[in-house]
Structure formats: C-alpha cells, structure tokens
Amino acid sequence: MINIHKYIHRKITLLNRVRVLSTELSKIIEKRSAVLDVGTGSGDIAFLIGQNTNSTFTGIDVLVRDDTKIPVKAFDGKTIPFDDKSYD
C-alpha cells in the first residue's frame, strides 16, 4: 500500500522544487560549462540544468546513491576530490 504523504510529497512538492530550481539556475549557468554539484543527492536538478544549458555536471556527495542522474563521486564532506580549476 502506498503512503499517501510520500506520494503527495514526491508528486507535488519535490517535483515542483526540482522544476523551479532547475529553471532558475539554468538562467545563470553559462552554456557548455563544466559544473561541480556539491551535495548532489539524486542529481535531478543538475541533470535538468545540464539539458537546458548543454553543460556537463559531475557530483560529489557524502552518500552516493545507486540511481543518480549524473556521475557522482564520494566526498568526505571536507576535501573536494578534484584539483582547483577542474570545473568552471
């Protein structure tokens, strides 16, 4: 049986948040950028921004999920695992 609260949160609140954030952030991300997403989560927002801007996203997160929409590397929460200037 589906939990109605989770269903409503996913279908209304979360999807609307992803849509609004990706639309607004797409306005300020330069086209064809290489972007590092810190705290990627599912990667949904970065994925949509990448589609809108033709940019490439790589994520880092303390918890790497199996089903992320972009490539994600493990992050200890303190040290970014890439050299300076690796991303725009």
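The preceding data block contains the structure.
Analysis parameters
Residues numbered from 1 in each chain as written. Predicted model: local features only at pLDDT ≥ 70, side-chain atom pairs only at ≥ 80, totals over all residues. Heavy atoms only, no water. Helix = DSSP H or I, 4+ residues; strand = E, 2+ residues; numbered from the N terminus. Buried < 20%, exposed > 50% of the residue type's maximum accessible area, 1.4 Å probe, protein only. Contact = heavy atoms within 4.5 Å. Areas by Shrake-Rupley, 256 points an atom, 1.4 Å probe, with all protein chains shown as cover. Lys, Arg positive; Asp, Glu negative; His and termini not counted. Charge placed at Lys NZ, Arg CZ, Asp CG, Glu CD. Pairing = 2+ DSSP bridges. Axes fitted to C-alpha atoms, helices over the stretch in contact; angles between N-to-C directions.

A count of helices and strands for the protein gives two helices and three strands. In the protein, the order of α-helices and β-strands from amino to carboxyl end is α-β-α-β-β. The dimensions of the protein, computed from C-alpha atoms along their principal axes, are 45 × 30 × 20 Å. Buried positions account for 26% of the 88 residues belonging to the protein. Taking as baseline every contact in the protein between residues at least 6 positions apart, the subset at least 24 positions apart corresponds to 38%. For the protein, the exposed surface amounts to about 6,600 Å²; the carbon and sulfur share of it is 54%. Positive and negative side-chain charges in the protein, numbering 13 and 11 respectively, have mean positions lying 8 Å apart.

Further remarks concern the sheet that holds strand β2 (residues 56-61). Each strand in a sheet pairs with its neighbour through backbone hydrogen bonds, running either in the same direction (parallel) or in the opposite one (antiparallel). Across the sheet, which stays open at both edges, the three strands sit in the order β1-β2-β3 with parallel pairing between neighbours. Each edge of the open sheet carries a strand with a single partner, namely β1 (34-38) and β3 (72-74). The average angle at which neighbouring strand axes cross in this sheet is 25°, direction not considered. Bridging between β1 and β2 involves five bridges; their strand directions are parallel. Following the sheet pairing, Leu 36 is matched in β2 by Thr 58.

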